[in-house]
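Listed below are the residues making up each chain.
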Amino acid sequence: MAQFGAKRSVFRSILLNLLNFALAFLLVSAERSLKHEESAKEPETNYNYLLKAFNFLWQSDQSGYHHVWPEMEFNWQIVLGSVIGFFGAAFGSVGGVGGGGIFVPMLSLIIGFDAKSATAISKCMIMGAAASTVYYNLKLRHPTLDIPIIDYDLALLIQPMLMLGISIGVAFNVIFADWMVTVLLIILFIGTSTKAFLKGVETWKKETILKKEAARRLLSNDTGNGDVEYKPLPSGPNSDPPKDNTDKEVTVWENICWKELGLLCFVWVAFLVLQIAKNQTAACSAAYWVLNLLQIPVSVGVSLYEAVSLYKGERVIASKGDQGTNWRVLQLVTYCAFGVLAGIVGGLLGLGGGFIMGPLFLELGVPPQVSSATATFAMTFSSSMSVVEYYLLKRFPVPYALYFTAVATVAAFVGQHIVRKLIIVFGRASLIIFILAFTIFVSAVSLGGVGISNMISKIEHHEYMGFENLCKYEG
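Residues numbered from 1 in each chain as written. Predicted model: local features only at pLDDT ≥ 70, side-chain atom pairs only at ≥ 80, totals over all residues. Heavy atoms only, no water.

For the protein chain, the count of helices and strands is 14 helices and zero strands. Order of helices (α) and strands (β) in the protein chain, N terminus to C terminus: α-α-α-α-α-α-α-α-α-α-α-α-α-α. Looking at the protein chain residue by residue over its 475 residues, the buried ones come to 47%. Restricting the contact set of the protein chain to residue pairs at least 6 apart, pairs at least 24 apart contribute 83%. Of the accessible surface of the protein chain, which amounts to about 23,800 Å², a share of 68% is contributed by carbon and sulfur atoms. (Helix = DSSP H or I, 4+ residues; strand = E, 2+ residues; numbered from the N terminus. Buried < 20%, exposed > 50% of the residue type's maximum accessible area, 1.4 Å probe, protein only. Contact = heavy atoms within 4.5 Å. Areas by Shrake-Rupley, 256 points an atom, 1.4 Å probe, with all protein chains shown as cover.)

This structure, assessed with the given rule, holds four salt bridges. Two residues, Glu 260 and Arg 315, come together in a salt bridge whose shortest N-O distance is 2.1 Å. Pair noted here: Glu 260 is in helix α7 (residues 258-279) and Arg 315 is in the loop between α9 (295-312) and α10 (329-349), with a separation of 55 residues, a long-range link. Here Glu 260 matches Arg 315 in class, with each residue buried. (Salt bridge = Lys/Arg side-chain N within 4 Å of Asp/Glu carboxyl O.)

We now examine α9. The end-to-end C-alpha distance of α9, which contains 18 residues, comes to 26 Å, matching closely the 26 Å that a straight helix rising 1.5 Å per residue would cover. Gln 295, Val 298, Ser 299, Val 302, Ser 303, Glu 306, Ala 307, Ser 309 and Leu 310 are the residues of α9 that are buried. Around the axis of α9, the buried residues are gathered within 165° of arc, so they sit on the same side. Exposed and facing more than 90 degrees away from the buried side of α9 are Leu 304 and Lys 312. In this fold, the buried residues of α9 make contact with α5 (152-175), α7, α8 (286-293) and α10. One or two steps after α9, the chain reaches Gly 313, where phi turns positive at roughly 85°. (Expected span 1.5 Å × (residues − 1). Arc of directions from axis to C-beta.)

On the surface, Phe 74, Val 79, Val 83, Phe 87, Phe 91 and Phe 438 cluster together into a nonpolar patch covering about 630 Å² of accessible area. If one sorts the elements of the nonpolar patch by residue count, helix α2 (residues 76-95) sits on top with four residues. If you trace the backbone, Phe 438 turns up in helix α14 (residues 430-460). Judged by its relative accessible area of 49%, Phe 438 falls in the partly exposed class. (Patch = residues over 30% accessible without salt bridge, like charges linked within 9 Å, V, L, I, M, F, W, Y side chains within 5 Å.)

Turning our eyes to something else, we now look at the packing of aromatic side chains. What describes a pair of aromatic rings is the distance from one ring centre to the other and the angle between the planes of the rings. Counted under the stated rule, the structure contains 13 aromatic pairs. Geometrically, the ring pair formed by Tyr 136 and Phe 413 is edge-to-face, given 5.3 Å between the ring centres and 90° between the ring planes. Note that Tyr 136 is positioned in helix α4 (residues 115-137) and Phe 413 in helix α13 (residues 398-426), a separation of 277 residues in sequence. We classify Phe 413 as partly exposed; its relative accessible area is 33%. Chaining the aromatic ring pairs together yields one cluster made of Phe 113, Tyr 400, Tyr 403 and Phe 404. (Phe/Tyr/Trp six-rings, centres within 6.5 Å; stacked < 30°, edge-to-face > 60°.)

Leu 107, Ile 111, Phe 189, Met 357, Phe 361, Phe 377 and Phe 396 are the most contacted members of the largest nonpolar core, which has 91 residues in total. Ranked by residue count, the leading element in this core is α5, at twelve residues. Setting aside chain neighbours within four positions, we find Phe 396 in contact with Trp 69, Ala 120, Ile 121, Cys 124, Val 387, Tyr 390, Tyr 391 and Ala 401. With five residues, the next largest nonpolar core counts Val 94, Val 419, Ile 423 and Ile 432 among its residues. (Core = buried A, V, L, I, M, F, W, Y, C linked by side-chain atoms within 4.5 Å.)

Before going further, it helps to spend a moment on the packing of helix α6 (residues 178-220) against α10. Relative to each other, α6 and α10 sit at 130°, their axes nearing to 11 Å. Looking at the two axes, α6 sits oblique to α10. Helix-helix and strand crossings are classified by hand; for α6 and α10 the assignment is left-handed. Counting all contacts with α6, which are made through Val 181, Leu 184, Leu 185, Leu 188 and Phe 189, the residues of α10 involved are Val 345, Leu 348 and Leu 349. Across the contact of α6 with α10, the residue classes tally to eight nonpolar, no polar and no charged. (Axes fitted to C-alpha atoms, helices over the stretch in contact; angles between N-to-C directions. Parallel < 35°, antiparallel > 145°, perpendicular 65-115°, else oblique. Left-handed = near helix turned anticlockwise from the far one by under 90°. Nonpolar A, V, L, I, M, F, W, Y, C, P; charged D, E, K, R; others polar.)

In this section: the confidence of the model for the protein chain. On average, residues of the protein chain score 75 in pLDDT, and 75% of them are at 70 or above. Predicted confidence for residues 233-242 stays below pLDDT 50, and this span has 22 contacts to residues more than four positions away or in other chains. (pLDDT = per-residue confidence, 0-100.)

So, about α8. Within the span of α8, buried status applies to Tyr 288, Leu 291 and Asn 292. All buried residues of α8 fall inside an arc of 105° around its axis, so they share one side. For α8, the exposed residues set more than 90 degrees away from the buried face come down to Ala 286 and Leu 293. Tucked inside the fold, the buried residues of α8 contact α7 and α9.

If you want it as C-alpha coordinates, here you go:
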(Lines give C-alpha, C1' and ligand atoms only; values in the text may rest on other atoms or scores of the structure.)
Protein backbone atom coordinates (compact mmCIF):
# COMPACT_ATOMS: atom_id res chain seq x y z
CA MET A 1 0.00 0.00 0.00
CA ALA A 2 2.81 2.35 0.87
CA GLN A 3 4.50 1.35 -2.40
CA PHE A 4 1.33 2.12 -4.31
CA GLY A 5 1.09 5.55 -2.58
CA ALA A 6 4.70 6.32 -3.51
CA LYS A 7 4.01 5.41 -7.18
CA ARG A 8 0.94 7.61 -7.19
CA SER A 9 2.94 10.53 -5.72
CA VAL A 10 5.61 10.11 -8.44
CA PHE A 11 2.94 9.93 -11.14
CA ARG A 12 1.30 13.08 -9.77
CA SER A 13 4.60 15.02 -9.77
CA ILE A 14 5.33 13.89 -13.35
CA LEU A 15 1.83 14.96 -14.40
CA LEU A 16 2.28 18.33 -12.71
CA ASN A 17 5.65 18.82 -14.43
CA LEU A 18 4.12 17.95 -17.78
CA LEU A 19 1.29 20.40 -17.09
CA ASN A 20 3.78 23.13 -16.13
CA PHE A 21 5.81 22.41 -19.25
CA ALA A 22 2.71 22.56 -21.46
CA LEU A 23 1.62 25.82 -19.85
CA ALA A 24 5.07 27.32 -20.25
CA PHE A 25 5.11 26.19 -23.89
CA LEU A 26 1.75 27.85 -24.50
CA LEU A 27 2.89 31.09 -22.86
CA VAL A 28 6.13 31.19 -24.87
CA SER A 29 4.24 30.44 -28.08
CA ALA A 30 1.71 33.16 -27.35
CA GLU A 31 4.47 35.65 -26.57
CA ARG A 32 6.30 34.78 -29.77
CA SER A 33 3.16 35.08 -31.85
CA LEU A 34 2.43 38.47 -30.27
CA LYS A 35 5.96 39.67 -30.98
CA HIS A 36 5.67 38.42 -34.53
CA GLU A 37 2.40 40.29 -35.01
CA GLU A 38 3.89 43.47 -33.56
CA SER A 39 6.95 43.20 -35.77
CA ALA A 40 4.66 42.65 -38.75
CA LYS A 41 2.56 45.66 -37.77
CA GLU A 42 5.58 47.93 -37.26
CA PRO A 43 6.69 48.07 -40.90
CA GLU A 44 3.03 48.25 -41.86
CA THR A 45 2.61 51.28 -39.58
CA ASN A 46 5.77 52.90 -41.00
CA TYR A 47 4.47 52.20 -44.48
CA ASN A 48 1.16 53.85 -43.60
CA TYR A 49 2.96 56.97 -42.35
CA LEU A 50 4.97 57.15 -45.58
CA LEU A 51 1.81 56.66 -47.61
CA LYS A 52 0.03 59.43 -45.70
CA ALA A 53 2.97 61.79 -46.25
CA PHE A 54 3.01 60.97 -49.96
CA ASN A 55 -0.75 61.50 -50.24
CA PHE A 56 -0.40 64.84 -48.43
CA LEU A 57 2.18 66.04 -50.94
CA TRP A 58 0.80 64.47 -54.12
CA GLN A 59 -2.67 63.55 -55.33
CA SER A 60 -2.87 63.65 -59.11
CA ASP A 61 -6.62 64.32 -59.14
CA GLN A 62 -6.51 67.02 -56.43
CA SER A 63 -5.73 70.72 -56.69
CA GLY A 64 -5.42 73.34 -53.99
CA TYR A 65 -5.44 76.20 -56.51
CA HIS A 66 -8.52 78.19 -57.62
CA HIS A 67 -7.88 81.66 -59.01
CA VAL A 68 -9.62 84.67 -57.43
CA TRP A 69 -9.95 87.75 -59.66
CA PRO A 70 -11.90 90.67 -58.15
CA GLU A 71 -13.95 92.97 -60.38
CA MET A 72 -12.07 96.10 -61.49
CA GLU A 73 -13.82 99.15 -60.05
CA PHE A 74 -12.79 102.42 -58.44
CA ASN A 75 -12.71 101.99 -54.64
CA TRP A 76 -10.43 102.44 -51.65
CA GLN A 77 -8.62 99.17 -52.39
CA ILE A 78 -7.54 100.44 -55.81
CA VAL A 79 -6.40 103.80 -54.36
CA LEU A 80 -4.41 102.26 -51.49
CA GLY A 81 -2.98 99.55 -53.74
CA SER A 82 -1.88 102.18 -56.26
CA VAL A 83 -0.08 104.20 -53.57
CA ILE A 84 1.72 101.15 -52.17
CA GLY A 85 2.53 99.95 -55.68
CA PHE A 86 3.94 103.38 -56.55
CA PHE A 87 6.35 103.45 -53.60
CA GLY A 88 7.22 99.77 -54.08
CA ALA A 89 8.14 100.38 -57.72
CA ALA A 90 10.11 103.52 -56.85
CA PHE A 91 12.19 101.78 -54.15
CA GLY A 92 12.48 98.54 -56.09
CA SER A 93 13.74 100.20 -59.27
CA VAL A 94 16.36 102.19 -57.37
CA GLY A 95 17.63 99.10 -55.56
CA GLY A 96 17.55 97.05 -58.75
CA VAL A 97 15.21 94.42 -57.29
CA GLY A 98 11.95 95.23 -59.07
CA GLY A 99 9.72 95.54 -55.98
CA GLY A 100 7.87 92.24 -56.35
CA GLY A 101 8.15 91.56 -52.62
CA ILE A 102 5.91 94.57 -52.02
CA PHE A 103 3.62 94.09 -55.03
CA VAL A 104 2.58 90.50 -54.22
CA PRO A 105 1.29 91.19 -50.64
CA MET A 106 -0.43 94.37 -51.85
CA LEU A 107 -2.23 92.50 -54.64
CA SER A 108 -3.18 89.64 -52.28
CA LEU A 109 -4.17 91.48 -49.10
CA ILE A 110 -5.59 94.75 -50.44
CA ILE A 111 -6.82 94.12 -54.00
CA GLY A 112 -7.94 90.55 -53.22
CA PHE A 113 -6.16 88.34 -55.76
CA ASP A 114 -5.13 84.79 -54.93
CA ALA A 115 -1.40 84.30 -54.31
CA LYS A 116 -0.52 82.89 -57.73
CA SER A 117 -2.48 85.49 -59.71
CA ALA A 118 -0.81 88.18 -57.58
CA THR A 119 2.56 86.68 -58.53
CA ALA A 120 1.72 86.98 -62.24
CA ILE A 121 0.50 90.61 -62.03
CA SER A 122 3.56 91.42 -59.95
CA LYS A 123 5.70 90.31 -62.89
CA CYS A 124 3.80 92.72 -65.16
CA MET A 125 4.55 95.58 -62.74
CA ILE A 126 8.23 94.59 -62.54
CA MET A 127 8.41 94.61 -66.34
CA GLY A 128 6.97 98.13 -66.52
CA ALA A 129 9.26 99.46 -63.78
CA ALA A 130 12.32 97.79 -65.32
CA ALA A 131 11.60 99.13 -68.82
CA SER A 132 11.16 102.67 -67.44
CA THR A 133 14.38 102.42 -65.41
CA VAL A 134 16.39 101.08 -68.35
CA TYR A 135 15.22 103.95 -70.55
CA TYR A 136 16.34 106.37 -67.84
CA ASN A 137 19.72 104.63 -67.38
CA LEU A 138 20.49 104.41 -71.11
CA LYS A 139 21.47 108.10 -71.02
CA LEU A 140 23.82 107.78 -68.02
CA ARG A 141 27.53 106.96 -67.77
CA HIS A 142 29.50 104.88 -65.23
CA PRO A 143 30.18 106.95 -62.05
CA THR A 144 33.99 106.66 -62.32
CA LEU A 145 34.82 105.30 -65.81
CA ASP A 146 34.03 106.58 -69.29
CA ILE A 147 31.68 103.71 -70.18
CA PRO A 148 27.87 103.19 -70.01
CA ILE A 149 26.36 102.75 -66.55
CA ILE A 150 24.90 99.40 -67.75
CA ASP A 151 27.59 96.71 -67.90
CA TYR A 152 26.60 94.84 -71.06
CA ASP A 153 29.23 92.09 -70.66
CA LEU A 154 28.03 91.31 -67.14
CA ALA A 155 24.44 91.25 -68.40
CA LEU A 156 25.42 88.94 -71.29
CA LEU A 157 26.99 86.48 -68.84
CA ILE A 158 24.01 86.40 -66.46
CA GLN A 159 20.88 87.20 -68.49
CA PRO A 160 20.63 84.02 -70.66
CA MET A 161 20.90 81.85 -67.53
CA LEU A 162 18.36 84.13 -65.84
CA MET A 163 15.94 83.46 -68.70
CA LEU A 164 16.44 79.70 -68.34
CA GLY A 165 15.80 79.96 -64.60
CA ILE A 166 12.62 81.98 -65.24
CA SER A 167 11.16 79.15 -67.34
CA ILE A 168 11.94 76.63 -64.60
CA GLY A 169 10.55 78.97 -61.93
CA VAL A 170 7.25 79.53 -63.77
CA ALA A 171 6.77 75.74 -63.99
CA PHE A 172 7.59 75.44 -60.28
CA ASN A 173 5.04 78.18 -59.57
CA VAL A 174 2.38 75.88 -61.01
CA ILE A 175 3.68 72.76 -59.23
CA PHE A 176 4.73 73.96 -55.76
CA ALA A 177 2.30 74.47 -52.89
CA ASP A 178 2.17 77.94 -51.30
CA TRP A 179 3.71 76.83 -47.99
CA MET A 180 6.80 75.51 -49.79
CA VAL A 181 7.22 78.87 -51.52
CA THR A 182 6.84 80.69 -48.18
CA VAL A 183 9.58 78.68 -46.46
CA LEU A 184 11.98 79.19 -49.38
CA LEU A 185 11.21 82.89 -49.52
CA ILE A 186 11.82 83.62 -45.83
CA ILE A 187 15.17 81.79 -45.79
CA LEU A 188 16.38 83.41 -49.00
CA PHE A 189 15.29 86.97 -48.30
CA ILE A 190 16.61 87.18 -44.76
CA GLY A 191 19.99 85.96 -45.99
CA THR A 192 20.23 88.35 -48.95
CA SER A 193 18.92 91.40 -47.05
CA THR A 194 21.48 90.84 -44.27
CA LYS A 195 24.27 90.49 -46.83
CA ALA A 196 23.20 93.65 -48.66
CA PHE A 197 22.91 95.64 -45.40
CA LEU A 198 26.44 94.67 -44.33
CA LYS A 199 27.72 95.68 -47.77
CA GLY A 200 25.93 99.02 -47.37
CA VAL A 201 27.59 99.65 -43.99
CA GLU A 202 30.99 98.84 -45.51
CA THR A 203 30.40 101.23 -48.43
CA TRP A 204 29.11 103.95 -46.05
CA LYS A 205 32.34 103.75 -44.02
CA LYS A 206 34.47 104.05 -47.16
CA GLU A 207 32.46 107.07 -48.29
CA THR A 208 32.86 108.67 -44.85
CA ILE A 209 36.66 108.30 -45.08
CA LEU A 210 36.68 109.86 -48.56
CA LYS A 211 34.51 112.77 -47.40
CA LYS A 212 36.84 113.43 -44.44
CA GLU A 213 39.89 113.38 -46.73
CA ALA A 214 38.16 115.78 -49.11
CA ALA A 215 37.27 118.08 -46.18
CA ARG A 216 40.91 118.07 -45.00
CA ARG A 217 42.10 118.99 -48.49
CA LEU A 218 39.63 121.87 -48.60
CA LEU A 219 40.85 123.17 -45.21
CA SER A 220 44.54 122.89 -46.19
CA ASN A 221 43.83 124.89 -49.35
CA ASP A 222 41.97 127.54 -47.30
CA THR A 223 38.87 127.06 -49.40
CA GLY A 224 36.74 125.66 -46.59
CA ASN A 225 33.61 127.50 -47.50
CA GLY A 226 31.13 124.76 -46.68
CA ASP A 227 30.04 121.73 -48.63
CA VAL A 228 32.31 118.89 -49.66
CA GLU A 229 31.92 117.95 -53.31
CA TYR A 230 30.75 114.40 -53.95
CA LYS A 231 33.43 112.06 -55.33
CA PRO A 232 32.40 108.51 -56.14
CA LEU A 233 34.30 105.54 -54.74
CA PRO A 234 37.10 104.17 -56.94
CA SER A 235 35.96 101.06 -58.79
CA GLY A 236 39.31 99.32 -58.88
CA PRO A 237 42.49 98.84 -56.84
CA ASN A 238 44.47 101.51 -58.69
CA SER A 239 45.34 104.69 -56.87
CA ASP A 240 44.28 107.10 -59.62
CA PRO A 241 41.66 109.60 -58.52
CA PRO A 242 38.21 108.61 -59.77
CA LYS A 243 36.63 110.55 -62.58
CA ASP A 244 33.23 111.91 -61.56
CA ASN A 245 30.61 111.07 -64.18
CA THR A 246 27.73 111.09 -61.72
CA ASP A 247 25.79 113.87 -63.45
CA LYS A 248 26.96 113.16 -67.00
CA GLU A 249 24.42 112.30 -69.67
CA VAL A 250 24.89 111.30 -73.31
CA THR A 251 22.48 110.34 -76.06
CA VAL A 252 20.91 106.88 -75.97
CA TRP A 253 22.53 105.88 -79.27
CA GLU A 254 26.05 106.59 -77.93
CA ASN A 255 25.43 104.57 -74.77
CA ILE A 256 24.32 101.23 -76.28
CA CYS A 257 26.67 98.33 -77.02
CA TRP A 258 24.85 97.03 -80.07
CA LYS A 259 26.55 93.64 -80.43
CA GLU A 260 25.81 92.62 -76.83
CA LEU A 261 22.27 94.00 -77.04
CA GLY A 262 21.73 92.01 -80.24
CA LEU A 263 22.77 88.77 -78.53
CA LEU A 264 20.48 89.48 -75.58
CA CYS A 265 17.58 90.17 -77.94
CA PHE A 266 18.35 86.92 -79.79
CA VAL A 267 18.00 84.95 -76.54
CA TRP A 268 14.72 86.73 -75.76
CA VAL A 269 13.22 86.12 -79.21
CA ALA A 270 14.35 82.46 -79.19
CA PHE A 271 12.67 81.90 -75.83
CA LEU A 272 9.54 83.70 -77.02
CA VAL A 273 9.26 81.49 -80.11
CA LEU A 274 9.77 78.34 -78.00
CA GLN A 275 7.14 79.45 -75.46
CA ILE A 276 4.54 80.19 -78.15
CA ALA A 277 5.28 76.88 -79.90
CA LYS A 278 5.05 75.03 -76.57
CA ASN A 279 1.65 76.57 -75.91
CA GLN A 280 0.35 74.94 -79.11
CA THR A 281 1.28 71.44 -77.91
CA ALA A 282 -0.45 69.15 -75.42
CA ALA A 283 0.91 69.45 -71.87
CA CYS A 284 3.59 66.86 -71.07
CA SER A 285 3.61 65.48 -74.66
CA ALA A 286 6.90 64.60 -76.34
CA ALA A 287 6.87 67.88 -78.33
CA TYR A 288 6.19 69.81 -75.10
CA TRP A 289 9.32 68.45 -73.41
CA VAL A 290 11.47 68.82 -76.56
CA LEU A 291 10.56 72.52 -76.81
CA ASN A 292 11.29 72.97 -73.10
CA LEU A 293 14.70 71.33 -73.41
CA LEU A 294 15.62 73.43 -76.47
CA GLN A 295 15.84 76.45 -74.12
CA ILE A 296 18.98 74.94 -72.58
CA PRO A 297 21.30 75.10 -75.65
CA VAL A 298 20.09 78.65 -76.45
CA SER A 299 20.83 80.06 -72.98
CA VAL A 300 23.93 77.98 -72.22
CA GLY A 301 25.38 78.69 -75.69
CA VAL A 302 25.28 82.50 -75.31
CA SER A 303 26.50 82.49 -71.68
CA LEU A 304 29.27 80.03 -72.61
CA TYR A 305 30.40 82.33 -75.43
CA GLU A 306 30.66 85.24 -72.99
CA ALA A 307 32.31 83.12 -70.27
CA VAL A 308 35.00 81.77 -72.65
CA SER A 309 35.69 85.31 -73.91
CA LEU A 310 36.08 86.57 -70.33
CA TYR A 311 38.34 83.64 -69.41
CA LYS A 312 40.61 84.23 -72.40
CA GLY A 313 40.73 87.98 -71.73
CA GLU A 314 39.05 88.84 -75.03
CA ARG A 315 36.29 90.63 -73.10
CA VAL A 316 36.25 92.25 -69.65
CA ILE A 317 33.74 93.26 -67.00
CA ALA A 318 34.66 96.91 -67.53
CA SER A 319 32.65 98.26 -64.59
CA LYS A 320 35.07 96.55 -62.17
CA GLY A 321 38.06 98.48 -63.50
CA ASP A 322 41.34 96.53 -63.37
CA GLN A 323 39.70 93.72 -61.37
CA GLY A 324 37.46 92.76 -64.30
CA THR A 325 40.20 91.10 -66.35
CA ASN A 326 41.18 87.98 -64.36
CA TRP A 327 38.57 85.22 -64.22
CA ARG A 328 38.73 81.62 -63.00
CA VAL A 329 36.53 78.83 -64.37
CA LEU A 330 34.92 78.20 -60.97
CA GLN A 331 34.01 81.89 -60.66
CA LEU A 332 32.31 81.96 -64.04
CA VAL A 333 30.39 78.73 -63.38
CA THR A 334 29.28 80.07 -59.98
CA TYR A 335 27.96 83.34 -61.41
CA CYS A 336 26.07 81.50 -64.15
CA ALA A 337 24.58 79.18 -61.52
CA PHE A 338 23.47 82.22 -59.50
CA GLY A 339 21.85 83.56 -62.68
CA VAL A 340 19.77 80.37 -62.96
CA LEU A 341 18.91 80.57 -59.24
CA ALA A 342 17.83 84.21 -59.59
CA GLY A 343 15.57 83.23 -62.50
CA ILE A 344 14.02 80.31 -60.62
CA VAL A 345 13.31 82.54 -57.61
CA GLY A 346 11.90 85.26 -59.87
CA GLY A 347 9.59 82.90 -61.77
CA LEU A 348 8.54 80.99 -58.66
CA LEU A 349 7.82 83.97 -56.39
CA GLY A 350 6.86 86.60 -58.97
CA LEU A 351 9.87 88.75 -58.04
CA GLY A 352 12.65 90.40 -59.99
CA GLY A 353 15.84 88.38 -60.17
CA GLY A 354 17.51 91.47 -58.73
CA PHE A 355 16.92 90.06 -55.23
CA ILE A 356 19.77 87.68 -56.09
CA MET A 357 21.67 89.66 -58.74
CA GLY A 358 21.88 92.92 -56.77
CA PRO A 359 23.80 91.47 -53.77
CA LEU A 360 25.80 89.24 -56.17
CA PHE A 361 26.98 92.18 -58.29
CA LEU A 362 27.90 94.15 -55.16
CA GLU A 363 30.00 91.19 -53.96
CA LEU A 364 31.74 91.24 -57.35
CA GLY A 365 32.93 94.76 -56.55
CA VAL A 366 30.60 96.52 -59.01
CA PRO A 367 29.64 100.09 -57.92
CA PRO A 368 26.08 100.38 -56.52
CA GLN A 369 24.80 102.54 -59.40
CA VAL A 370 26.10 100.04 -61.98
CA SER A 371 24.83 97.05 -59.97
CA SER A 372 21.30 98.52 -59.85
CA ALA A 373 21.31 99.55 -63.53
CA THR A 374 22.67 96.21 -64.82
CA ALA A 375 20.37 94.08 -62.66
CA THR A 376 17.36 96.10 -63.85
CA PHE A 377 18.51 95.80 -67.48
CA ALA A 378 18.66 92.00 -67.19
CA MET A 379 15.29 91.98 -65.41
CA THR A 380 13.65 93.76 -68.33
CA PHE A 381 14.24 90.71 -70.53
CA SER A 382 13.44 88.10 -67.88
CA SER A 383 10.32 89.80 -66.50
CA SER A 384 8.87 90.38 -69.98
CA MET A 385 9.39 86.69 -70.75
CA SER A 386 7.65 85.79 -67.48
CA VAL A 387 4.70 87.98 -68.46
CA VAL A 388 4.42 86.14 -71.80
CA GLU A 389 4.53 82.75 -70.03
CA TYR A 390 1.96 83.78 -67.41
CA TYR A 391 -0.29 85.19 -70.15
CA LEU A 392 -0.13 81.91 -72.05
CA LEU A 393 -1.00 80.12 -68.79
CA LYS A 394 -3.95 82.55 -68.32
CA ARG A 395 -2.69 83.55 -64.90
CA PHE A 396 -3.87 87.21 -64.74
CA PRO A 397 -6.72 89.52 -65.88
CA VAL A 398 -5.38 91.90 -68.55
CA PRO A 399 -7.13 95.18 -67.42
CA TYR A 400 -5.66 94.98 -63.90
CA ALA A 401 -2.24 94.07 -65.33
CA LEU A 402 -2.24 97.09 -67.70
CA TYR A 403 -3.28 99.52 -64.97
CA PHE A 404 -0.71 98.43 -62.37
CA THR A 405 2.02 98.20 -65.03
CA ALA A 406 1.37 101.87 -65.88
CA VAL A 407 1.58 102.82 -62.17
CA ALA A 408 4.90 100.99 -61.77
CA THR A 409 6.33 102.53 -64.97
CA VAL A 410 5.71 106.11 -63.80
CA ALA A 411 6.88 105.36 -60.24
CA ALA A 412 10.19 103.84 -61.37
CA PHE A 413 11.03 106.90 -63.47
CA VAL A 414 10.24 109.27 -60.59
CA GLY A 415 12.19 107.12 -58.10
CA GLN A 416 15.30 107.03 -60.28
CA HIS A 417 15.28 110.79 -60.76
CA ILE A 418 14.82 111.61 -57.05
CA VAL A 419 17.42 109.14 -55.72
CA ARG A 420 19.99 110.23 -58.31
CA LYS A 421 19.64 113.81 -57.06
CA LEU A 422 19.92 112.62 -53.42
CA ILE A 423 23.15 110.77 -54.21
CA ILE A 424 24.64 113.96 -55.66
CA VAL A 425 23.43 116.11 -52.72
CA PHE A 426 24.50 113.75 -49.88
CA GLY A 427 27.50 112.24 -51.65
CA ARG A 428 26.60 108.65 -50.77
CA ALA A 429 25.95 105.96 -53.37
CA SER A 430 25.49 103.56 -50.42
CA LEU A 431 21.92 104.92 -50.26
CA ILE A 432 21.16 102.53 -53.14
CA ILE A 433 22.49 99.55 -51.16
CA PHE A 434 20.45 100.46 -48.08
CA ILE A 435 17.31 100.84 -50.23
CA LEU A 436 18.09 97.40 -51.69
CA ALA A 437 18.48 95.81 -48.21
CA PHE A 438 15.36 97.58 -46.89
CA THR A 439 13.22 96.48 -49.84
CA ILE A 440 14.34 92.85 -49.52
CA PHE A 441 13.71 92.81 -45.76
CA VAL A 442 10.24 94.37 -46.08
CA SER A 443 9.50 91.81 -48.78
CA ALA A 444 10.57 88.98 -46.49
CA VAL A 445 8.31 90.19 -43.67
CA SER A 446 5.27 90.95 -45.85
CA LEU A 447 5.43 87.91 -48.13
CA GLY A 448 6.40 85.62 -45.27
CA GLY A 449 3.54 86.92 -43.13
CA VAL A 450 0.99 86.47 -45.91
CA GLY A 451 2.31 82.98 -46.67
CA ILE A 452 2.16 81.83 -43.04
CA SER A 453 -1.37 83.25 -42.65
CA ASN A 454 -2.56 81.40 -45.77
CA MET A 455 -0.86 78.21 -44.59
CA ILE A 456 -2.62 78.32 -41.19
CA SER A 457 -5.97 78.94 -42.90
CA LYS A 458 -5.51 75.94 -45.20
CA ILE A 459 -4.56 73.69 -42.27
CA GLU A 460 -7.69 74.78 -40.36
CA HIS A 461 -9.92 74.03 -43.36
CA HIS A 462 -8.14 70.73 -44.13
CA GLU A 463 -7.39 71.84 -47.69
CA TYR A 464 -5.04 70.02 -50.03
CA MET A 465 -1.50 71.37 -49.50
CA GLY A 466 0.60 69.20 -51.79
CA PHE A 467 2.15 69.51 -55.23
CA GLU A 468 -0.02 70.44 -58.22
CA ASN A 469 -0.07 68.35 -61.40
CA LEU A 470 1.63 70.34 -64.18
CA CYS A 471 0.23 68.05 -66.87
CA LYS A 472 -3.39 68.65 -65.75
CA TYR A 473 -3.10 72.41 -65.20
CA GLU A 474 -5.82 74.35 -67.06
CA GLY A 475 -5.30 77.88 -65.73
